[in-house]
Amino acid sequence: MIKLSHSLTHHFSSKPNMNLLPLLLLLSLVPPSLSQPTSQLAILMSIKSSLDPNGQYLSSWSPTSTAAGTGASAAPCGGAFEGIACNDQGRVVNISLQGKGLAGKIPPEIGQLESLSGLFLHFNQLTGVLPKEIANLNELSELYLDVNNFNGEIPPEIGNMSNLQVLQLCYNKLSGSIPTQLGSLKKLSVLALQYNLLSGAIPASLGDLTFLKRLDLSDNRLFGSIPTKLANPPMLEVLDVRNNTLSGNVPTALKRLNQGFLYSNNTGLCGVGFSTLEVCSSLTPSKPEPFGPGSSSLPKKDIPESANFNSNCTQTGCSNKFTMPRIALICGAIGATVAVSISALLTFLWYRRRKQKIGSAFDTSDSRLSTDQVKEVCSRRSASPLISLEYSNGWDPMAKGWNGSGYSQEVLESFMFNLEDVESATQYFSEVNLLGKSSFSAIYKGLLRDGSVVAIKCIAKSSCKSDESQFLKGLKILTSLKHENLLRLRGFCCSKGRGECFLIYDFVSNGNLLQYLDVKASSGKVLEWSTRVSIIQGIAKGIEYLHGKKGNKLALVHQNISAEKVLIGERYNPLLSDSGLHKLLADDIIFSTLKASAAMGYLAPEYTTTGRFTEKSDVYAFGMIMFQVLSGKCKVSQSTRQGAETCKFEDFIDSNLNGNFSESEAATMGKIATLCTHESPESRPAIDNVMEELSELSIC
């Protein structure tokens with residue numbers, strides 16, 4: 001740039017117009033990065049100054065910082081910018097800054113990151129309004145802004161974000177009405193708007209969201225009726241409208257949601273087939289009439305079905321304006337019925353074709369990408385759907401002489417495997433040996449040279465903690481965990497060339513606890529009563545050890561206890577897997593794994609407001625597993641809980657047992673499970689207290 005400017009200066013110096021000299025001189029002094037269009041670095045620095053105005057939490061966002069240990073430039077995809085991930089083209093695709101204490105605002109510049117696919121700013125103290133420019137993020141699939149202090153209205157422009165799958169705006173101070181434009185988000189599966197100050201009617205357009213699974217509008221100031229169309233989404237599982245001021249007739253089609261339809265504390269609601277609702281009287285309209293009986297106005301497309309409008313017409317001025325003969329009304333009704341039937345048929349055929357195209361896109365626990373978009377986990381690309389990074393060749397946490405964590409390498413040396421051993425054991429990661437894969441890892445069955453069978457978990461470097469000292473400390477914790485009810489870690493391997501970490505565990509042939517739930521009596525997988533008691537006791541012992549109550553000097557919260565994480569050993573000894581794994585993983589990866597836990601009910605309710613895991617949140621998940629083991633079912637219903645509270649055994653004990661169980665033990669465990677899943681963490685017992693109760697059972 002400087003040489004070019006000098007040559008231009010020389011060229012124009014021979015011309016009469018000498019006014020160009022100051023301009024050319026100025027150009028020669030401008031750094032190349034500033035003479036180009038606004039760079040990602042400049043955009044991110046502007047975003048930083050707005051999100052973190054006091055510079056307390058995003059100190060790593062600096063043009064002069066470098067990635068630790070590499071000397072590489074950090075602008076901005078060099079690895080030093082906390083919470084930033086880029087794709088292969090060097091474009092920012094993910095910002096994960098949840099729970100960082102940010103107290104600023106979201107600036108309009110956020111809309112300039114055109115490749116952004118994930119924005120995670122939840123559990124902060126951000127304020128201000130949501131900028132409409134956020135709708136410029138056409139690639140965004142997940143937007144998490146919950147648990148902040150945002151105010152103002154929801155920008156209707158968000159309805160233009162065609163790739164949005166998850167929209168979380170709950171636990172803020174948002175006001176105004178719910179934009180009808182949100183009904184245009186055809187890929188949306190989760191819409192969470194609870195605990196705001198939203199008013200007005202529920203837009204009927206939300207019933208057009210074909211892939212909607214969860215809609216939470218609870219704890220707002222919404223009024224009017226529940227639109228009939230809201231029962232249309234075929235994949236809808238949860239509709240929560242509690243604690244509003246809704247009224248009118250509840251659509252009977254919502255009965256299909258069973259306990260997924262939550263509507264309490266709306267005193268004006270009525271309907272048939274709902275146990276806690278009164279039958280509507282003849283004077284109660286099924287919905288507020290949007291137009292008076294003689295209105296000459298035509299409905300606008302963006303008016304919600306349940307919106308309440310008063311006619312401006314008087315009885316004398318409008319009563320005869322649209323009077324029709326009776327025969328015309330009958331013909332019109334028949335024609336409308338035929339039209340609706342044809343429309344419904346076409347919609348059904350469209351949906352079937354769409355569903356066939358989608359395939360298993362929503363079968364995985366993490367629905368951020370469809371399965372054909374998720375790249376092979378143990379390849380040269382990231383295993384995480386949140387981020388797609390080239391592996392850093394400089395990543396080598398076990399390099400000789402490295403002691404950044406304070407631990408000598410000798411402490412971990414006995415657990416170290418060579419990459420050659422891992423490749424040989426898995427037959428070079430053959431598909432034949434692939435046991436399964438998640439959003440951040442793949443698990444292979446392997447045979448070591450000593451003849452022992454192992455399970456090898458393959459984790460991409462980009463899914464691990466970026467700070468190598470923290471990563472190594474995490475490995476140290478994993479190797480220190482030794483208990484009869486924890487899955488044993490045999491060793492690990494960190495590959496600099498592949499940019500991957502491999503965790504080698506004992507192989508467990510009987511699968512996980514999930515495979516023993518919702519089974520038929522003829523399947524051969526129905527667990528005997530004594531086995532169920534033993535499994536519950538074993539899980540509790542493992543958690544007790546993790547929490548530092550017995551044997552473990554370092555107290556540890558598991559964070560992700562579920563039936564899938566409980567492996568069943570040869571003698572039906574339960575083995576808790578993935579203990580301490582969160583110490584290795586990046587924060588955004590940990591968050592992505594919580595979706596399945598939340599969907600299955602393992603996530604403690606206080607996490608929504610605190611964003612923190614505690615020993616009591618582990619106890620809550622354990623209580624849910626107790627209910628699952630006792631009932632033999634994956635889904636823990638309200639009747640299951642009530643049965644445990646009242647000792648009504650037929651409601652919470654597996655019918656496959658045919659009465660072959662101890663009523664005294666069942667009553668005790670039912671009460672323990674009820675206490676463990678109490679809504680208030682202070683009311684839940686500590687795990688060592690649970691073990692004291694369980695140890696008194698005869699099976700122990």
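Presented here is a report on the structure given in the accompanying data block. Quick caveat, the model's predicted, so the values are computed rather than measured.

Cut-off values and rules
Residues numbered from 1 in each chain as written. Predicted model: local features only at pLDDT ≥ 70, side-chain atom pairs only at ≥ 80, totals over all residues. Heavy atoms only, no water. Helix = DSSP H or I, 4+ residues; strand = E, 2+ residues; numbered from the N terminus. Contact = heavy atoms within 4.5 Å. Buried < 20%, exposed > 50% of the residue type's maximum accessible area, 1.4 Å probe, protein only. Pairing = 2+ DSSP bridges. Lys, Arg positive; Asp, Glu negative; His and termini not counted. Salt bridge = Lys/Arg side-chain N within 4 Å of Asp/Glu carboxyl O. Polar contact = N/O pair within 3.5 Å; in protein donor to acceptor, adjacent residues only side chain to side chain. Expected span 1.5 Å × (residues − 1). Axes fitted to C-alpha atoms, helices over the stretch in contact; angles between N-to-C directions. Parallel < 35°, antiparallel > 145°, perpendicular 65-115°, else oblique. Left-handed = near helix turned anticlockwise from the far one by under 90°. Nonpolar A, V, L, I, M, F, W, Y, C, P; charged D, E, K, R; others polar. Disulfide = S-S within 2.5 Å. Arc of directions from axis to C-beta.

### Some words on the environment of Gln 559
Logical step 1: Its place among the elements puts Gln 559 in the loop between α10 (529–546) and β20 (566–568).
Logical step 2: Considering only alpha carbons, one finds Gln 559 and Arg 612, 53 residues apart in sequence, at a separation of 9.3 Å.
Logical step 3: When residues no more than four places from it in sequence are discounted, the contact partners of Gln 559 are His 582, Ile 590, Leu 594, Phe 613 and Asp 618.

### Things to note about unusual backbone geometry
Logical step 1: Not every positive phi belongs to a glycine, and Phe 123 is a case in point at roughly 60 degrees.
Logical step 2: For Phe 123, the position within the fold is in the loop between β3 (118–120) and β4 (142–144).
Logical step 3: For Phe 123, a relative accessible area of 13% puts it in the buried group.
Logical step 4: Within the chain, Asn 265 stands out as a residue other than glycine whose phi angle is a positive 60 degrees.

### Focus on the pairing of strand β2 (residues 92–96)
Logical step 1: Where burial is concerned, most of β2 is hidden: 5 out of the 5 residues are buried.
Logical step 2: Pairing analysis gives 3 bridges linking strand β1 (residues 84–86) to β2, with the strands arranged antiparallel. Along β2, the bridge assignment pairs Cys 86 with Val 92.

### A look at the sheet that holds β2
Backbone hydrogen bonds hold the strands of a sheet together, and the pairing may be parallel or antiparallel.
Logical step 1: The strand order across the open sheet formed by 9 strands is β1-β2-β3-β4-β5-β7-β9-β11-β13, and the pairing between neighbours is mixed. Of all the strands in the sheet, just β1 and β13 (261–262) have a single pairing partner and so form its edges.
Logical step 2: Across 3 bridges, the pairing between β2 and β3 is parallel. Of the residues in β3, the one forming a bridge with Asn 94 is Gly 118.

### Some points on the side chain of Asp 216
Logical step 1: With respect to the helices and strands, Asp 216 occurs in strand β9 (residues 214–216).
Logical step 2: Nearest to the buried, unbridged Asp 216 among oppositely charged side chains is Arg 214, at 4.0 Å.
Logical step 3: At 2.7 Å, the side chain of Asp 216 and the side chain of Ser 218 are in polar contact.
Logical step 4: Contacts of Asp 216, omitting those with residues within four sequence positions, involve Leu 191, Ala 192, Leu 193, Gln 194 and Asp 240.

### Structural notes on α10
Logical step 1: Compared with an ideal rise of 1.5 Å per residue, which puts 18 residues at 26 Å, α10 spans 26 Å between its outermost C-alpha atoms and is within 8% of the ideal.
Logical step 2: Most of α10 sits inside the fold, with 15 of its 18 residues counted as buried.
Logical step 3: Gly 548, located one to two residues past α10, shows a positive phi value of around 80 degrees.

### Section: the pattern of salt bridges
Side-chain pairs of opposite charge can arise where the charged atoms are in close proximity.
Logical step 1: Applying the stated criterion across every chain yields a total of 14 salt bridges.
Logical step 2: Of the charged contacts in the structure, one is a salt bridge between Asp 654 and Arg 532, with a shortest N-O distance of 2.9 Å. Here the residue Asp 654 occupies a position in the loop between α16 (649–652) and α17 (663–676), and Arg 532 occupies one in helix α10, the gap between them amounting to 122 residues. Grouping residues by exposure puts Asp 654 and Arg 532 together as buried.
Logical step 3: As a salt-bridge pair, Glu 615 and Lys 549 come within 3.7 Å of each other at their nearest N and O atoms. Note that Glu 615 is positioned in helix α14 (residues 615–631) and Lys 549 in the loop between α10 and β20, a separation of 66 residues in sequence.
Logical step 4: Assessed through its relative accessible area of 27%, Glu 615 is described here as partly exposed.
Logical step 5: One continuous salt-bridge network, built from bridges that share partners, spans Asp 450, Arg 488, Arg 490 and Asp 506.

### Details of the pairing of strand β12 (residues 245–249)
Logical step 1: When strand β10 (residues 221–224) meets β12, the two strands line up parallel, connected through 2 bridges. Each residue of the ladder has a partner; that of Gly 224, found in β12, is Leu 246.
Logical step 2: In this structure, β12 lies alongside strand β14 (residues 268–270), joined through 3 bridges in parallel fashion. Following the sheet pairing, Asn 249 is matched in β14 by Cys 270.

### So, the sheet that holds strand β16 (residues 441–447)
Logical step 1: The 5 strands are arranged β15-β16-β17-β19-β18 in an open sheet whose pairing can be described as antiparallel. Among the strands making up the open sheet, the edge pair consists of β15 (434–437) and β18 (489–495). Each neighbouring strand pair of the sheet contributes to a mean axis angle of 20 degrees, computed without reference to strand direction.
Logical step 2: One ladder, built from 3 bridges, connects β15 with β16; its direction is antiparallel. Looking across to β16, one finds that Leu 434 is bridged to Tyr 444.

### A look at the packing of α10 against helix α18 (residues 687–695)
Logical step 1: Relative to each other, α10 and α18 sit at 150 degrees, their axes nearing to 9 Å. Of the possible angle classes, the one that applies to α10 and α18 is roughly antiparallel. Judged by the twist between their axes, the crossing of α10 over α18 is left-handed. Each of Ile 536, Gln 537, Ala 540, Lys 541, Ile 543 and Glu 544 in α10 lies in contact with α18, whose residues at this interface are Ile 687, Asp 688, Met 691 and Leu 694.
Logical step 2: Among the residues forming the contact of α10 with α18, the class breakdown is 6 nonpolar, 1 polar and 3 charged.

### Considering the state of the cysteines
Logical step 1: A full pass over the atoms with the stated rule returns 2 disulfides.
Logical step 2: The disulfide that involves Cys 77 links it to Cys 86, with 1.8 Å between the sulfurs. Disulfide Cys 77-Cys 86: the torsion about the S-S bond is -85 degrees, which places it as left-handed.
Logical step 3: Through a disulfide, Cys 270 is tied to Cys 280; the S-S separation comes to 1.9 Å. Residues Cys 270 and Cys 280 are joined through a disulfide that is right-handed, its torsion about the S-S bond being 100 degrees. Here Cys 280 lies in the loop between β14 and α5 (315–318) and Cys 270 lies in strand β14, a separation of 10 residues in the sequence.
Logical step 4: Accessibility expressed as a relative area gives 6% for Cys 270, which makes it buried.
Logical step 5: With no disulfide partner, Cys 464 has as its closest neighbouring cysteine sulfur the one in Cys 501, 5.6 Å distant.
Logical step 6: Sulfur of Cys 494: no disulfide; nearest cysteine sulfur belongs to Cys 501 and is 3.9 Å away.
Logical step 7: Note on Cys 494: relative accessible area 16%, which makes it buried.

### Comments concerning α18
Logical step 1: Those residues of α18 that sit buried are Ile 687, Val 690, Met 691 and Leu 694. Along α18, the residues classed as buried sweep out an arc of 100 degrees about the axis, all on the same side.

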